[in-house]
4 protein chains.
Amino acid sequence: MSVAGPPQDARPLWGKRREATHGGNHSPFSFPVRVYYEDTDAAGVVYYANYLKFMERARTEWLAALGFPLAAFEREHGVAFVVHRAEIDFLAPARLNDILDVTVEAVDRGASRLVTAQEVRRGDEPITRARIALACVDTARWKPARMPKPLQYALEAAI
Amino acid sequence: MSVAGPPQDARPLWGKRREATHGGNHSPFSFPVRVYYEDTDAAGVVYYANYLKFMERARTEWLAALGFPLAAFEREHGVAFVVHRAEIDFLAPARLNDILDVTVEAVDRGASRLVTAQEVRRGDEPITRARIALACVDTARWKPARMPKPLQYALEAAI
Amino acid sequence: MSVAGPPQDARPLWGKRREATHGGNHSPFSFPVRVYYEDTDAAGVVYYANYLKFMERARTEWLAALGFPLAAFEREHGVAFVVHRAEIDFLAPARLNDILDVTVEAVDRGASRLVTAQEVRRGDEPITRARIALACVDTARWKPARMPKPLQYALEAAI
Amino acid sequence: MSVAGPPQDARPLWGKRREATHGGNHSPFSFPVRVYYEDTDAAGVVYYANYLKFMERARTEWLAALGFPLAAFEREHGVAFVVHRAEIDFLAPARLNDILDVTVEAVDRGASRLVTAQEVRRGDEPITRARIALACVDTARWKPARMPKPLQYALEAAI
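Not measured: the values here are computed from a predicted model.

Trainee: Before we go on, may I ask you to explain the interface of chain C and chain D in this structure?
Mentor: Often, the extent of an interface is quoted as the loss of accessible area upon association of its parts. Opposite the 22 residues of chain C that make contact, chain D presents 22 residues. Summing the contributions of chain C and of chain D, the shared interface buries around 2300 Å²; its carbon and sulfur component is 57%. With a closest N to O distance of 2.8 Å, Arg85(C) and Asp89(D) form a salt bridge. Counting across the interface, chain C meets chain D through 14 residue pairs in polar contact (both at pLDDT 80 or more). When residues of the side of chain C that touches chain D are traced back to their parent elements, those giving at least two are helix H2 (50–65) and strand S2 (79–90) of chain C.

Trainee: Quick question: what am I supposed to make of the relation of the copies chain C and chain D here?
Mentor: In this arrangement, two copies of a chain are superimposed by a rotation about an axis accompanied by a shift along the axis. After a rotation of 180 degrees and a shift along the axis of 0.0 Å, chain C superposes on chain D with an RMSD of 0.0 Å. What the rotation and shift describe, once combined, is the action of a two-fold rotation axis. No C-alpha of chain C approaches the rotation axis more nearly than that of Glu87(C), which lies at 2.2 Å. Of the residues that chain C buries at the interface, 100% are likewise interface residues in chain D, meaning the two copies contact each other through the same surface.

Trainee: For this particular structure, what's the right way to read unusual backbone geometry?
Mentor: For residues that are not glycine, phi is negative in most cases, and the peptide bond is trans in most cases. Although it is not a glycine, Trp142(A) sits at a positive phi angle of roughly 55 degrees. With respect to the helices, strands and loops of the structure, Trp142(A) is situated in the loop between strand S5 (125–138) and strand S6 (143–144). Phi is positive for Asn97(D), which is not a glycine, with a value near 80 degrees. Relative to the helices and strands, Asn97(D) resides in the loop between strand S2 (79–90) and strand S3 (99–109). Judged by relative accessible area, Asn97(D) falls into the buried class, the value being 13%.

Trainee: Which parts of the structure should I look at to understand the interface of chain B and chain A?
Mentor: With 21 residues of chain B at the contact, the number on the chain A side is 22 residues. Sorting the residues of chain B by area buried against chain A places Tyr48(B), Arg85(B) and Trp142(B) first, and these three jointly supply 27% of that buried surface. Ionic pairing is found between Glu87(B) and Arg85(A), a salt bridge with its closest N-O pair at 3.3 Å. Our count for the chain B to chain A interface comes out at 14 residue pairs in polar contact (both at pLDDT 80 or more).

Trainee: What should I look at first to understand helix H3 (residues 70–77) of chain C in this one?
Mentor: In an α-helix there are 3.6 residues to a turn, and that puts residues three or four apart on one side. Residue and element names in this part refer to chain C. Listed in full, the buried residues belonging to H3 are Leu70, Ala72, Phe73 and Glu74. Packed against the buried residues of H3 are H2, S2 and helix H4 (149–158). One or two positions beyond H3, positive phi appears at Gly78, with a value near 65 degrees.

Trainee: Is there a simple way to think about the packing of aromatic side chains in this case?
Mentor: Given two aromatic rings, their pairing is described by the distance between the two centres and the angle made by the two planes. The tally for this structure, following the rule as stated, stands at 16 aromatic pairs over all chains. With centroids separated by 5.3 Å and ring planes inclined at 85 degrees, the aromatic side chains of Tyr47(A) and Tyr48(A) adopt a geometry described as edge-to-face. Residue classification places Tyr47(A) among the buried positions, given a relative accessible area of 2%. Centroid distance Tyr51(A) to Phe90(A): 6.0 Å. Interplanar angle 55 degrees. Geometry classified as tilted. Of this pair, Tyr51(A) sits in helix H2 (residues 50–65) while Phe90(A) sits in strand S2 (residues 79–90); the two residues are 39 residues apart in sequence, bridging distant segments of the chain. Three or more aromatic residues joined by ring pairs make a cluster, and in this case those are Tyr47(A), Tyr48(A), Tyr51(A), Phe54(A) and Phe90(A). Sitting over the ring of Trp142(A), Arg95(B) keeps its end group 5.7 Å from the ring centre.

Trainee: Is there a simple way to think about the relation of the copies chain B and chain A in this case?
Mentor: Mapping chain B onto chain A calls for a rotation angle of 180 degrees and an axial translation of 0.0 Å; the resulting RMSD is 0.0 Å. Looking at chain B, 100% of its interface residues are interface residues in chain A too, so the copies touch through the same face.

Trainee: Teacher, can you tell me more about the pattern of salt bridges here?
Mentor: Pairing between side chains of opposite charge can happen when their charged atoms approach one another. Evaluation of the coordinates by the stated rule reveals 49 salt bridges over all chains. Where Arg59(B) meets Glu56(B), a salt bridge forms, and the shortest distance between an N and an O atom there is 4.0 Å. With Arg59(B) and Glu56(B) both in helix H2 (residues 50–65) and three residues apart, this pair spans about one turn of that helix. The residues Arg59(B) and Glu56(B) share a single accessibility class, namely buried. Two residues, Arg121(D) and Glu119(D), come together in a salt bridge whose shortest N-O distance is 2.6 Å. Using a relative accessible area of 27% as the deciding quantity, one classes Arg121(D) as partly exposed. On the basis of relative accessibility, which here comes to 6%, the residue Glu119(D) falls in the buried class. The structure contains a network of salt bridges with shared partners spanning Arg85(A), Glu87(A), Asp89(A), Arg85(B), Glu87(B) and Asp89(B).

Trainee: How do you make sense of the environment of Leu100(B) when you look at a structure like this?
Mentor: All names here are of chain B. Along the chain, the position of Leu100 falls in strand S3 (residues 99–109). Once the C-alpha coordinates of Leu100 and Thr60 are considered, the two residues, 40 residues apart in sequence, prove to be 16 Å apart. Aside from chain neighbours lying at most four places away, what touches Leu100 is Phe31, Pro32, Val33, Val35, Phe54, Ala94, Val120, Arg121, Arg122 and Ile127.

Trainee: When you look at the pairing of S5(A) in this model, what are you seeing that I'm missing?
Mentor: Residues in a regular strand project their side chains so that they alternate between the two faces of the sheet. All names here are of chain A. For S5, the buried fraction is high: 11 of the 14 residues fall into the buried class. Where S2 and S5 come together, 11 bridges link them in antiparallel fashion. Each bridged residue has a counterpart across the sheet, and for Val83 the counterpart in S5 is Leu134. Hairpin connection, strand S4 (residues 113–122) to S5: the antiparallel pair is bridged by two residues, and Gly123 has positive phi, about 60 degrees. Where S5 and S6 come together, two bridges link them in antiparallel fashion. Opposite Val137, over in S6, you have Pro144 as the bridge partner. Counted between consecutive antiparallel strands, the loop separating S5 from S6 contains four residues, among which Trp142 sits at a positive phi close to 55 degrees.

Trainee: In this structure, what is going on with the environment of Pro93(B)? I would like to understand it.
Mentor: Here Pro93(B) lies in the loop between strand S2 (79–90) and S3. Distance in space between the C-alpha atoms of Pro93(B) and Val107(B) is 26 Å, their sequence separation being 14 residues.

Trainee: Explain the side chain of Gln152(B) to me, please; I cannot follow it from the model alone.
Mentor: Note that Gln152(B) resides in helix H4 (residues 149–158). Here Gln152(B) is in contact with Arg109(B), Ala111(B), Arg146(B) and Met147(B), once residues within four sequence places are set aside.

Trainee: Just checking my understanding: could you explain H2(C) for this structure?
Mentor: Residue and element names in this part refer to chain C. With 16 residues, H2 extends 23 Å from end C-alpha to end C-alpha; this agrees with the ideal 22 Å at 1.5 Å per step. For H2, the tally of buried residues reaches 14 of 16 residues, placing the bulk of the element in the interior. Looking one or two residues beyond H2, the residue adopting positive phi is Gly67, at roughly 100 degrees.

So, how was this worked out
- Residues numbered from 1 in each chain as written.
- Chains lettered and ligands numbered in written order.
- Predicted model: local features only at pLDDT ≥ 70, side-chain atom pairs only at ≥ 80, totals over all residues.
- Heavy atoms only, no water.
- Contact = heavy atoms within 4.5 Å.
- Buried area = accessible area lost by both parts, 1.4 Å probe.
- Salt bridge = Lys/Arg side-chain N within 4 Å of Asp/Glu carboxyl O.
- Polar contact = N/O pair within 3.5 Å; in protein donor to acceptor, adjacent residues only side chain to side chain.
- Helix = DSSP H or I, 4+ residues; strand = E, 2+ residues; numbered from the N terminus.
- Least-squares fit on C-alpha atoms with pLDDT ≥ 70 in both.
- Buried < 20%, exposed > 50% of the residue type's maximum accessible area, 1.4 Å probe, protein only.
- Phe/Tyr/Trp six-rings, centres within 6.5 Å; stacked < 30°, edge-to-face > 60°.
- Lys NZ or Arg CZ within 6 Å of the ring centre and 35° of its normal.
- Pairing = 2+ DSSP bridges.
- Expected span 1.5 Å × (residues − 1).

Here it is as structure tokens:
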């Protein structure tokens, strides 16, 4: 799935998600997270920004499962993934000691960008749902960079 | 500015922002934040989820400036603001020791919901930009609740 | 092992550690933690306060392994563990993507207090080492409370 | 105040604090912190690790007030302060919306090390109290380094 034209930040990332989820016959990558005190706030629920931490943990484990452990990736290629847009719906509160599943699916990809659709679920109940647009950047100059070819191929197969 | 119809989560919150910013003749509420080590990550920049912390600090100070200190608000009225959708564009990285300004503007409001447009800036340079949709909830039942009237009036005047 | 006399905050908790570690013939409870971006800072290493998060995760999993899952514990007994003193030595930096092991040993215990010795290790290399003194408190009044008897027995067996 | 002999990690750092506090006729540097949701946990109080964040904010502001802004310090001298030991007493819980004062005093100093005594207070009430031992390290090699002379003089005057 190639991307042509200008960056699409002004358009809702969310719209394509359903097709991506239902159209494929593979289940998304999933990573478990336990909710500890550090994740919660005085309202008794997970603090809203912390779902973004959970989602990044899952993306990191997903990339590692595809054969791209983060530290090696950056050391060998001098590139990193940087989030440049996030859209998150907070659907229900998660609470202390919950075991959550965090899913990752690549739903769009270009030579230097990647969009993931991610969910945090407690059993069958969706807790948060997000679209995260990432850019591959050259860490020395902090400029967009092409993803290494092997990662491009791996993502191609994953979408 | 009243809100009719169903929840608008599926529509981009972002679209209306420009009018709100340029149409008014007031400048938005602004709150300064210094970047400490705790805010940064190994890529040498502010960790993406932490901008949501900065934005909540600014919302809290803005509500306090409107006469609604958070703790009193919850104790007296039994209600709290919960984020139910966030859209964030990460435009440029902030770094250790930067002094940032975080702005808040109310751009939409209903009896139990509020949408803020927020920016994190370093001088004139935009760093992140977000739309945050908040719901006023009854903290005992975690259900939508009408905002207290004085807050509704204060927000009416602020939009 | 009962505790008599005044709170011992003024004395070094650290001193007894070696006996506890070497005297027993059991290995301590251990819990793995992967280092993500969220854990690191702009110096390229794990941010110092975050080791306390890792240590609490390990304590939570250790209590769960002893049969005392945190949420149930608080709901049924109305008590929680609160840290009242921590001594931490930061021996070496952990870095992005490291897999760490976090150990927990109960080294002292009273009716309403517990002291854990904890280490964060990367393979055989110690990264941080801590003594954490916890108090069991009644969460309604935030006052010291006796631990539930079954937990006292479980800890007795674990020391 | 010079430091002779081996590193003093095995000895309680706490013991000397009172003299340092009462012996001088200057009041310690103090920095205000507001407690936001991000700082609290599901027990309704400030999460224990977050006091270390508050203390580092105060140390950073204190160094800046002495003329050593952190980023410039590292850029010009290639050195940073790293915590190598912390002792913290958690005396009372802070809560959402509290305004806290965080103090910093240098209580011991060598050519490459610094010990601060710090308190978090709510008005006159002590909330946490800590001794933090820092090492000045060369950030390229992560080895102890002498503090730049101007900082040594500034600290000399401050103790």
